[in-house]
Amino acid sequence: MTGRVTTFRVLGPIGADAGGEPVAIGGARQRAVLARLLVARGRVVPVDRLVGDLWEAPPDAAVAAIRTFVADLRRVLEPDRLPRRPAELLVTSPPGYALPAAPDAVDAWRFEAAVTRTGDPAADALTRLDDALALWRGPAYAEHEAEPWARAEIDRLNELRMLAVERRAEALLELGRAAEAVSDLQAHTTQAPLREDAWHLLATALYRAGRQGEALAALRRARDVLVGELGVDPGPRLRRLETDILAQAPHLDPPRAPQGRSTPRALVGRADELAVLEAAAGRAAAGNEAVVALISGEPGAGKTALAETVAGRLAARGWVVLWGRGPEDDGAPAAWPWTPETVPAPGEDPAAVRFRRRREAAARVAAAAGGSPVLLVADDLHRADADSLDLLTALHSGPGRVLVLGTYRATEIGPALTAALARWARTEPVRVYLGGLTEPEVGRLVAGVLGAPAGVGVARAVHRRSGGNPFFARELARLHADGAALDHIPAGVRDVIRHRLARLPERTRDVLRQASVLGRDVDPEVLGALAGDVVDALDDALAAGFLTEDGPRLRFAHILVRDTVYDDLTAVRRSHWHAAAGAAIERLSPGDAAVLAHHFGLAAGRATAPKAARYARTAAEEAERRSNPHEAARLWQQVLAAGSGEVAVRLTALAGLGRNLAVTGHLEQTRALRAEAIAAVTATGDPELTAAVLTGFDVPAIWPRNDDQELAGRVAAAVERVLPGALPPLRSRLLSTLALELRGDTGDRGRRAAAEAEAIARELDDPGLLALALNARFLHAFARTGTAGERDRLGAELVGLAAKHDLVTVEVLGHLIRLQAACARGGFDAADGHAAAADRLAGRYELPVVGVFTELYAALRLAVTGCPAEDAYRTACARLAGSGMPGMSDGLLGLALLSIGHDGGDTGPYEPWVRPGRLLADGRREEAAQAVRDLPRSPHDLLWEARLCLTARAVADLGDREAAARLYEELLPAAGELAGAGSGVVSFGTVDEHLAALRELL
């Protein structure tokens, strides 16, 4: 077993974790294979069924593609699995594959177990169901909702989710927390209006929360829905509940609630705001007039949490705290303890009634105070009606040591609150506005949720996604704690945003939906082209806090707001609006290729596919010119996804994708794409297109040994077929490609090709061609040993050329070549500088392959200075093993360990040169002598000197004068260098030491 626990997430976008860390599953097909196997719940899915489920019209190579997808999944799901060891997780089981995951390895299975469990006390059940519902990060199997093979499982999980919501509500009711159950049940009955159990729970919760009229209204709505939708009356359970509510039956009374308020939620940050409110409390306690303090902010800003903190501090100092909240629903009375139950007398003047209510409220507050200062907390003022606000005005206008602390949403100020704020302004209230938390404060909040310090990257990502909104940040932190990616939207955040949206006018909601298609940043001119006159709707959205102004453009206040609005659009509407957006931008900003590719790509229609491919190709080429390979790879994938029928377009995209995947560390995928492209272009018989495809995969190469010799041979043969008719500059590129594929060849074909390519490039004064030709020359700069000086000059020219023409990957290549050359000559200070320069560029442009070489160099640096280096070599070679560079990785760890005095086992292709020394160590001299005689000719590469010196050790021990003479002649040009250090990886001491040992035999 690997020892790493692998878990899966399907309650939302498909995801997986290995050893507690998220893994990159790969493309849409790989995720589909994984999802299909998880839906099967450990049963075998035949390959034929997988093919049929993944493609409507399977391609010819569909079965081979399935095998590739499975191999990719195995690599990321079991990263520690040894080569050739059978998979333990995603297993082959004829006639297909199975994924027999553990019962707790899939979030959906854990969710099901939690929901179907019964018999727990209410408090335990509530915790269990809260944890279970928190597993949902979006629709189950979100990417595959439309797939027939997923539909039954999705429906089953959705049914379980509704059951979980209802059982959670039952637990809340049993705990005497009916008011908390109401809001969830209201949303639940809206989403599932035909579930009678849900209506029963909602009506019960409303009744127990003291809202008998609303409970009866809910039952009437249930009847209307059932009659209107199904043509049936409510069942006997609902009818009996209505009778019991009207009779106020005792069994409906809530259970006895626990004494005391719940513990206030932890407050993060807000030190300045607390100081302001503490000062206001000091004024109220010292004076004889009420002081008003108002806390405002957007939903989730922490207004209530701040008020709770103030209340807790004042209560600890002997204040009397009276806490009330605005109603959850429009039209419901405010739940404020100082509100009198004033019944007008027949014919009584309304003004007299208001006066009497004010007097009775003041008497209530005075009676509660008993001589102590009083804090009146009026939470959610934006929900209060005019009468309640009028009463509050009277309370803070009268005498007494009173602090009136009101909270309200700055985005939901209605007419009643507007009028009240205007009246209160005469008393100059203390005003506190809660904006977003800072990044360090968000880090502390996240740490509180996780129970451990949050990494800088996590804190930064949460801060960016949440905008510092505490509620959003806390929900994102919980999402992260559950192992989900931070680009998902927590269910609680979605619910809040949807609730706020529902309060907007319908026209404003429609405009926001169309704006979400444009992204977080919204160009009003483009939006107007989509939606017509949007001025009034945008004013409403700005006032409600959904949008903010950023110069001439508008912006969604939070990316979570934009994503929620966008995710709620139907696929048909999204496609239509993306097409319209693309058409509008094409008129207004025709040069914005990346944006146009995005919109036409998501329009997903036959009419827009050619445009999507054309703009994506233009944008991909621009991204490559800007040295942004990740963006370029994404855009080339868009070209392929657009499904252009032109063979040339598809093959160009395959080459572009492969080229940029190689730079970003996906070398195995690049080789697969290259093989596919070469097979396809060969079938066309078009020499010009063949030449373009062959040269389209040119990427910098640093190791002079091929990763796939068979593929390299095919490429070289294809180049030589089309080369005779090629003219400059294509001829230069073809010659460089040929030389790159012939690396390690001891003949001179590659060297001649590189020289001619360089001559053409210099004549044309083309920096890109010259860089490619110089790279090819480097790979053939091994006609003799001891060529570090020549390689250093090539590296220096590449660095200068790249810096002048902004060729980032070429500059990295130049620094790595110079690092190797410096190591060969023992110049480790210079090598340090080149390693640092390469790492800086790799970090800036996200080039992960570079780290493989610099980590190996760091291990070499330890070794040559006499420090322990085994762990460093093992770590670096483990990373190398997963880099997709078998031409470099095979046997390298064994060779590296041998260089520091450890026999590290497998030395792969270096074994013939290691074997004589091993035989001598075992006392088998005759076999060692024969092994020296049987040695093949060494490849001419970065480890040529290392192989020769390994042989020299054995020859010196054997006293073989003939072999010593031959070795001495080969090694002599490398005098003064380190044996093998030209690789930047290993050193077997100085070449001079080995030459001296050989000289003694001559």
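Residues numbered from 1 in each chain as written. Predicted model: local features only at pLDDT ≥ 70, side-chain atom pairs only at ≥ 80, totals over all residues. Heavy atoms only, no water.

(A) Focus on the overall build of the chain. In terms of helices and strands, the chain carries 46 helices and 14 strands. Counting every position in the chain, which comprises 1002 residues, the buried fraction comes to 50%. Taking the contacts inside the chain whose residues are at least 6 apart along the sequence as the reference set, 65% of them involve residues at least 24 apart. With the model as given, the accessible surface of the chain reaches about 44600 Å², and the carbon-plus-sulfur share is 52%. (Helix = DSSP H or I, 4+ residues; strand = E, 2+ residues; numbered from the N terminus. Buried < 20%, exposed > 50% of the residue type's maximum accessible area, 1.4 Å probe, protein only. Contact = heavy atoms within 4.5 Å. Areas by Shrake-Rupley, 256 points an atom, 1.4 Å probe, with all protein chains shown as cover.)

(B) Spatial organisation of the pattern of salt bridges. Considering all chains together, one arrives at 46 salt bridges under this definition. A salt bridge links Asp510 to Arg513; its shortest N-O distance comes to 2.8 Å. Here Asp510 pairs with Arg513, and both are found in helix α20 (residues 506–517), just three residues apart, close to one helical turn. On the accessibility criterion, Asp510 (29% relative accessible area) is partly exposed. (Salt bridge = Lys/Arg side-chain N within 4 Å of Asp/Glu carboxyl O.)

(C) Region of interest: the nonpolar core. Residues Leu856, Tyr873 and Met888 are the most contacted members of the largest nonpolar core, which totals 93 residues. Contact partners of Leu856, with chain neighbours within four places excluded, come to Tyr873, Ala876, Cys877, Leu880, Met888, Leu892, Gly984 and Val985. Core analysis: the next-biggest nonpolar cluster, separate from the first, contains 71 residues, Leu437, Leu476, Leu504 and Leu538 among them. (Core = buried A, V, L, I, M, F, W, Y, C linked by side-chain atoms within 4.5 Å.)

(D) Seen up close, unusual backbone geometry. For the peptide bond that leads from Pro728 to Pro729, omega is 0°, which places it in the cis range. Within the element layout of this structure, Pro729 appears in the loop between α31 (709–722) and α32 (730–741). A positive phi angle is found at Arg270, which is not glycine, with a value near 65°. Along the chain, Arg270 falls in the loop between α10 (236–247) and α11 (271–286). Residue classification places Arg270 among the buried residues on the basis of a relative accessible area of 6%.

(E) Local environment of the pairing of strand β1 (residues 6–9). Where β1 lies against strand β2 (residues 15–18), four bridges are found, and the strand directions are antiparallel. Note on β2: the bridge partner recorded for Thr6 is Ala18. Linking β1 back to β2 in an antiparallel pair, the connection comprises five residues, with Gly12 at a positive phi of about 130°. (Pairing = 2+ DSSP bridges.)

(F) A look at the packing of helix α36 (residues 808–824) against helix α37 (residues 828–845). Their axes nearest at 8 Å, the elements α36 and α37 cross at an angle of 160°. The orientation of α36 relative to α37 falls into the category roughly antiparallel. Relative to α37, α36 is oriented so that their crossing is left-handed. Across from Val808, Glu811, Val812, His815, Leu816, Arg818, Leu819, Ala822 and Cys823 in α36, the residues of α37 making contact are Phe828, Ala830, Ala831, His834, Ala835, Ala837, Ala838, Leu841 and Tyr845. Looking at the contact of α36 with α37 residue by residue, the class counts come to 14 nonpolar, two polar and two charged. (Axes fitted to C-alpha atoms, helices over the stretch in contact; angles between N-to-C directions. Parallel < 35°, antiparallel > 145°, perpendicular 65-115°, else oblique. Left-handed = near helix turned anticlockwise from the far one by under 90°. Nonpolar A, V, L, I, M, F, W, Y, C, P; charged D, E, K, R; others polar.)

(G) Fine view of the layout of surface pockets. As a volume, the second largest pocket reaches approximately 1100 Å³. Around the second largest pocket, the lining comprises 42 residues; the ones closest to its centre are Glu624, Arg659, Asp698, Arg733 and Gly768. Put simply, the parts of the chain that give the lining of the second largest pocket at least two residues each are α26 (609–625), α27 (629–642), α28 (647–663), α30 (687–694), α32, α34 (767–779) and α36. The biggest single contributor to the lining of the second largest pocket is α28, with seven residues. Taken together, the residues of the lining of the second largest pocket break down into 23 nonpolar, nine polar and ten charged. (1 Å grid on protein atoms, 1.4 Å probe; cavity = no way out; pocket = protein on both sides within 12 Å on 5 of 7 lines; lining within 4 Å. Points joined across faces, edges and corners; volume = space filled by probe spheres on them.)

(H) Molecular detail of the pairing of β2. Side chains Gly15 and Asp17 project from β2 onto one buried face, and the interleaved Ala16 and Ala18 project onto a second face that is buried too. Bridge count between β2 and strand β3 (residues 21–22): two bridges; the pairing is antiparallel. Paired with Asp17 across the two strands is Pro22, which belongs to β3.

(I) Structural detail: the packing of helix α25 (residues 593–603) against α26. Running from N to C, α25 and α26 point in directions that differ by 145°, and their axes come no closer than 8 Å. Considering only the axes of α25 and α26, their crossing is left-handed. Counting all contacts with α25, which are made through Ala593, Ala594, Leu596, Ala597, Phe600 and Gly601, the residues of α26 involved are Lys611, Ala612, Tyr615, Ala616, Thr618, Ala619 and Glu622. Of the residues that constitute the contact of α25 with α26, the class distribution is nine nonpolar, two polar and two charged.

(J) Spatial organisation of a nonpolar patch on the surface. Together, Leu194, Leu230 and Val232 give the surface a local cluster of nonpolar side chains, amounting to about 240 Å² of exposed area. The class for Leu194 is partly exposed, based on a relative accessible area of 39%. (Patch = residues over 30% accessible without salt bridge, like charges linked within 9 Å, V, L, I, M, F, W, Y side chains within 5 Å.)

(K) Fine view of a negative patch on the surface. Together, Asp533, Asp536, Asp539, Asp540 and Glu549 give the surface a local cluster of negative charge. Of note, Asp536 is situated in helix α22 (residues 535–543). (Lys, Arg positive; Asp, Glu negative; His and termini not counted. Charge placed at Lys NZ, Arg CZ, Asp CG, Glu CD.)

(L) Representation of the confidence of the model for the chain within the structure. Across the chain, the average pLDDT comes to 83, with 89% of residues at 70 or higher. For the chain, helix α13 (residues 350–369) is the element with the lowest average pLDDT, namely 61, and α36 is the one with the highest, namely 95. Below pLDDT 50 for its whole length, residues 256–264 participates in six contacts with residues either more than four positions away or in separate chains. (pLDDT = per-residue confidence, 0-100.)

(M) View of the packing of aromatic side chains. Applying the stated rule across the entire model yields four aromatic pairs. Seen from their ring centres, Phe111 and Trp136 are 5.4 Å apart, and the 75° between their planes marks the pair as edge-to-face. In this pair, Phe111 is assigned in helix α4 (residues 107–116) and Trp136 in the loop between α5 (122–133) and α6 (148–174), connecting sequence segments 25 residues apart. Of the residues examined, Trp136 reaches a relative accessible area of 4% and is grouped as buried. Plain terms: the ring middles of Phe600 and Tyr615 are 6.0 Å apart, the flat faces sit at 15° to each other, and that makes the pair stacked. Placement of Phe600 in helix α25 and of Tyr615 in helix α26 is noted, with a sequence separation of 15 residues between them. (Phe/Tyr/Trp six-rings, centres within 6.5 Å; stacked < 30°, edge-to-face > 60°.)

(N) Geometry of the side chain of His144. Tracing the backbone shows His144 in the loop between α5 and α6. Residues within four places of His144 in sequence aside, it is in contact with Ile14, Arg31, Ala32, Ala35, Trp149, Ala150 and Ile154.

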